[in-house]
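Report on the structure
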Amino acid sequence: MLTPMRVVILGSGRGSNAGALLRAQAEGRLGSAKIVQLFADVPDAGILALGPRFGVPAEFVDPAPFKTKLEGAGEERYIAAINACAPDLVVLAGFMRVLKPGFLHAFAGKIINLHPSLLPSFPGLDAIGQAWRRGVKVTGCTVHYVTTEVDGGPILDQAAVRVEPADTLETLAAKIHAAEHALLPAVVARLSAR
Ligand code: GAR
């Protein structure tokens, strides 16, 4: 048995991908990864409700003073809280903030992000809507290492999703989320084997 790879998950929203990771762990599909903590930057984020359900600590950490980035006092609070977990991997699962060099250096080479497009296409906000409006016939999702370039770090893996004639923005989003729920646990399990 490998030494557990300690995983901290950061999210801002409903937490369906954190849920997929926790389910994978419960079902023995996460390799030697061990999810040790969930953090959210939104006090009522759905991701926080997963903690009690899966027996993993879950906590809101105040990201102030900025709205869309993590810098200054908020960044320091996150670095301290995550460091206290001694993580081997920090997973951004719908964490909707731009990370700055202080945070990136604190966890260099250990931060991965999930993005709902086939990067480098459609980085940034509303990636699914961007792809939909552009009329692409294949889109999908990406897991990549996080660097200072937003959505620009080395790609770990991707899953493709076809846009069918009958799709709507809503059905496309549902297909991409389903692909994410398979891709992210598979990447984490693979990383845990290294
Ligand atoms: C996911 O679709 C993820 O790819 C996206 O946020 C969603 C989180 O959903 N992330 C980004 O857009 C980051 N740029 P969830 O809270 O249900 O896991």
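A brief report on the enclosed structure follows. (Residues numbered from 1 in each chain as written. Predicted model: local features only at pLDDT ≥ 70, side-chain atom pairs only at ≥ 80, totals over all residues. Heavy atoms only, no water.)

This brings us to the environment of Arg-133. Summarising the element assignment, Arg-133 is placed in helix H5 (residues 127–134). Between the alpha carbons of Arg-133 and Pro-65 there is a distance of 33 Å; along the sequence they are 68 residues apart. (Helix = DSSP H or I, 4+ residues; strand = E, 2+ residues; numbered from the N terminus.)

A separate point is the nonpolar core. Val-7, Ile-9, Ile-35, Val-91, Ile-112, Leu-184 and Val-188 are the most contacted members of the largest nonpolar core, which totals 38 residues. The greatest single-element share of this core, amounting to 9 residues, is contributed by helix H6 (residues 169–192). Those residues in contact with Ile-112 that lie beyond four places of it in its chain are Leu-89, Val-90, Val-91, Leu-92, Val-143, His-144, Tyr-145, Val-146, Leu-156, Leu-184, Val-188 and Leu-191. Formed by 20 residues, the second largest nonpolar core is a distinct cluster that contains Phe-39, Ala-81, Cys-85 and Phe-95. (Core = buried A, V, L, I, M, F, W, Y, C linked by side-chain atoms within 4.5 Å. Buried < 20%, exposed > 50% of the residue type's maximum accessible area, 1.4 Å probe, protein only. Contact = heavy atoms within 4.5 Å.)

This brings us to the site of the ligand. Around the ligand sit Gly-13, Arg-14, Gly-15, Ser-16, Asn-17, Gly-94, Met-96, Leu-114, His-115, Pro-116, His-177 and Glu-180, and those are all the residues in its vicinity. At a separation of 2.6 Å, an oxygen atom of the ligand approaches a polar side-chain atom of Ser-16. Here an oxygen atom of the ligand and a side-chain polar atom of Glu-180 are 2.4 Å apart. Put simply, the parts of the chain that give the shell around the ligand at least two residues each are helix H1 (16–26), strand E7 (111–115) and H6. By residue class, the composition of the shell around the ligand is 3 nonpolar, 7 polar and 2 charged. (Near = heavy atom within 4 Å. Polar contact = N/O pair within 3.5 Å; in protein donor to acceptor, adjacent residues only side chain to side chain. Nonpolar A, V, L, I, M, F, W, Y, C, P; charged D, E, K, R; others polar.)

Here we take up the packing of aromatic side chains. For the structure shown, the criterion picks out 2 aromatic pairs. Each ring, one from Tyr-78 and one from Phe-95, has its centre 5.7 Å from the other, and the planes form 50°; the classification is tilted. Here the residue Tyr-78 occupies a position in helix H3 (residues 73–83), and Phe-95 occupies one in the loop between strand E5 (89–92) and strand E6 (98–99), the gap between them amounting to 17 residues. As far as burial versus exposure is concerned, Tyr-78 and Phe-95 are alike and both buried. (Phe/Tyr/Trp six-rings, centres within 6.5 Å; stacked < 30°, edge-to-face > 60°.)

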